[in-house]
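# Observations on the model geometry
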Amino acid sequence: GTNLTFSGAGVVSIVASQIGDANWTAAPDVTNTFNVTKATAAVYLGSLSQVYDGSAKSVTATTDPSGLTVTFTYDGQAWAPTNAGSYAVTGTVNDVMWQGSAAGTLVIGLAGQTITFPAIVPQKQSASVGLSATASSGLAVTFSANPPGTISDGTNLTFSGVGDVLVVASQAGNGTYTPAPSVTNMVKVFSVTPDNGPFAGGNSITITNGHFGNITNVLVGGVGVVPTAAGDNGFTIVVPSGSAAPT
């Protein structure tokens, strides 16, 4: 009869009554009115640092007392953001008995990426190579090359002489991805003298690159051939019977 509890915040009116008895008339009711406010809870935001992966990034929260429902806004919006960037976050307790909020900043960092660039086999000076590489982000890859290599139309590699050409595949990143580590392939560019045509066994051809190193055996038509002369610049072989010079 005397224990007062509350189911929520708001205005409460309490009426005190006495109905009287055989000796006393009923007393005039007395009403007291007062305002019940919510108790204050503490809110602690979490998961404020995340990395872009294409999905929406929501923050988390704990409360004291524990277990209270917290709703969030991100730059004033109810939905969680996806793109990399910084977002002002407010977490607010949603409860009939408790109130409280906390503010913070959600930072969605740029995602990393890698490049896949397959090795390029040695090429004749007269060759034209179509370059191809992919970035894990799906962004376009660009190429560069040192002389005697030249790149035209973005992916067409040609050569103005013999030597070792370093081809670099790069991806600069954007507002979502960090720059990818560059991948470098070395292409050994060589010349052949004579350049083409059938040769009977016993004739010689010379292959020149400038940076071959120590060549001890060469496959010609599946047949192993030991060079008759070799050096850093190139080597000479005797074509085995039934073979032809490389074309």
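This is a predicted model, so every value here is computed, not measured.

What counts, and at which threshold
Throughout, residues of each chain are indexed from 1 in the direction in which the sequence is written. Side-chain atom pairs in this predicted model are given and counted only at pLDDT of 80 or more, local residue features only at pLDDT of at least 70, and totals for whole chains, interfaces and linings cover all residues. Computation of side-chain values: all heavy atoms of the structure, hydrogens and water removed. Only DSSP runs of H or I with at least four residues qualify as helices, and only runs of E with at least two residues qualify as strands; both kinds are numbered from the N terminus onward. In this scheme, a residue with accessible area under 20% of its type's maximum is buried, one over 50% is exposed, and one in between is partly exposed, where area comes from a 1.4 Å probe on protein chains only. What makes two residues a contact is simply this: any of their non-hydrogen atoms within 4.5 Å. Values of accessible area rely on a 1.4 Å probe in the Shrake-Rupley scheme; residue burial ignores everything except the protein chains shown. Strand pairing requires that DSSP identify at least two bridges connecting the strands. Angles run from 0 to 180 degrees between N-to-C directions of axes, and those axes are lines fitted to C-alpha atoms, restricted for helices to the stretch in contact. N or O atoms within 3.5 Å of each other form a polar contact, as long as, within protein, one can give a hydrogen and the other can take it, and as long as residues adjacent in sequence are counted only when both atoms are side-chain atoms. Each pair of aromatic rings taken from Phe, Tyr and Trp, with Trp reduced to its six-membered ring, is defined by centres within 6.5 Å and is described as stacked if the planes are under 30 degrees apart, edge-to-face if over 60, and tilted in the remaining cases. In this text, buried Ala, Val, Leu, Ile, Met, Phe, Trp, Tyr and Cys residues form a nonpolar core when linked through side-chain atoms within 4.5 Å. Patch definition: residues with relative accessible area over 30% and no salt bridge; like charges joined within 9 Å; nonpolar side chains (Val, Leu, Ile, Met, Phe, Trp, Tyr) joined within 5 Å. Should a side-chain nitrogen of Lys or Arg be within 4 Å of a carboxyl oxygen of Asp or Glu, the pair is scored as a salt bridge.

Right, let's get into the overall build of the chain. Secondary structure summary: the chain contains zero helices and 24 strands in total. Taken across its 247 residues, the chain has 32% of its residues classed as buried. Look at the contacts in the chain between residues 6 or more apart in sequence, and 50% of them connect residues 24 or more apart. Of the roughly 14,100 Å² of accessible surface on the chain, a fraction of 54% belongs to carbon and sulfur atoms.

This paragraph deals with unusual backbone geometry. With an omega dihedral of 10°, the bond running from Asp-64 to Pro-65 counts as a cis peptide bond. With an omega of 10°, the peptide bond running from Pro-147 to Pro-148 counts as cis. With respect to the element layout, Pro-148 can be found in the loop between strand 15 (142-145) and strand 16 (149-152). Of note in the backbone geometry, Ser-47 takes a positive phi value of approximately 55° without being a glycine. The backbone of Asp-75 sits at a positive phi, close to 50°, despite the residue not being glycine. On the accessibility criterion, Asp-75 (45% relative accessible area) is partly exposed.

Here three strands make up an open sheet; going across it, the order is 13-17-16 and the pairing antiparallel. This sheet does not close on itself; its edge strands, each paired only once, are strand 13 (128-130) and strand 16. Taken over all neighbouring pairs, the strand axes of this sheet differ in orientation by 25° on average, direction set aside. Bridge count for strand 13 against strand 17 (residues 156-159) is three bridges, and the pairing is antiparallel.

Moving on: the side chain of Lys-188. Mapping Lys-188 onto the fold places it in strand 19 (residues 183-193). A distance of 3.1 Å separates the side chain of Lys-188 from the side chain of Asp-164, its partner in a polar contact.

Strand order in the open sheet made by the four strands is 5-10-8-7, with mixed pairing throughout. Bordering the open sheet on either side are strand 5 (49-51) and strand 7 (70-74), each of which pairs with just one other strand. Within the sheet, the average angular offset between the axes of one strand and its neighbour, ignoring direction, is 30°. As defined by bridge partners, strand 5 adjoins strand 10 (residues 101-109) across three bridges and the pair is classed as parallel.

Here the focus is the packing of aromatic side chains. Under the definition given, this model contains three aromatic pairs. Where Phe-117 meets Phe-143, the ring centres are 5.4 Å apart and the plane angle is 55°; that geometry is what we call tilted. In this pair, Phe-117 sits in the loop between strand 11 (115-116) and strand 12 (123-124) while Phe-143 sits in strand 15, placing the two residues 26 residues apart along the sequence. The two residues Phe-117 and Phe-143 agree in class, both being buried.

Turning our eyes to something else, we now look at the nonpolar core. The biggest cluster of nonpolar side chains holds 18 residues, and the ones touching the most others in it are Phe-117, Leu-131, Phe-143, Phe-159, Val-167 and Val-187. Of all the elements in the fold, those that place two or more residues in this core are strand 17, strand 18 (163-170) and strand 19. Per-element accounting of this core gives the leading share, three residues, to strand 18. When neighbours within four sequence positions are excluded, Leu-131 is seen to be in contact with Phe-117, Ile-120, Phe-143, Ile-151, Thr-155, Leu-157 and Val-167. Counting residues in hydrophobic clusters, the runner-up holds ten residues, among them Tyr-52, Val-89, Ile-108 and Tyr-177.

Taken together, Leu-4, Phe-6, Ile-14, Phe-34, Val-96 and Met-97 make up a surface patch of nonpolar side chains, about 470 Å² in accessible area. Its location among the elements puts Leu-4 in the segment before strand 1 (10-18).

Here the focus is the pattern of salt bridges. Inspection of every chain in the model, using the stated rule, returns two salt bridges. For Asp-53, the salt bridge goes to Lys-57, with nearest N and O atoms at 3.0 Å. Taking relative accessible area as the criterion, Lys-57 reaches 9% and is therefore assigned buried. Put simply, Lys-188 and Asp-164 hold a salt bridge, and the shortest N to O gap is 3.1 Å.

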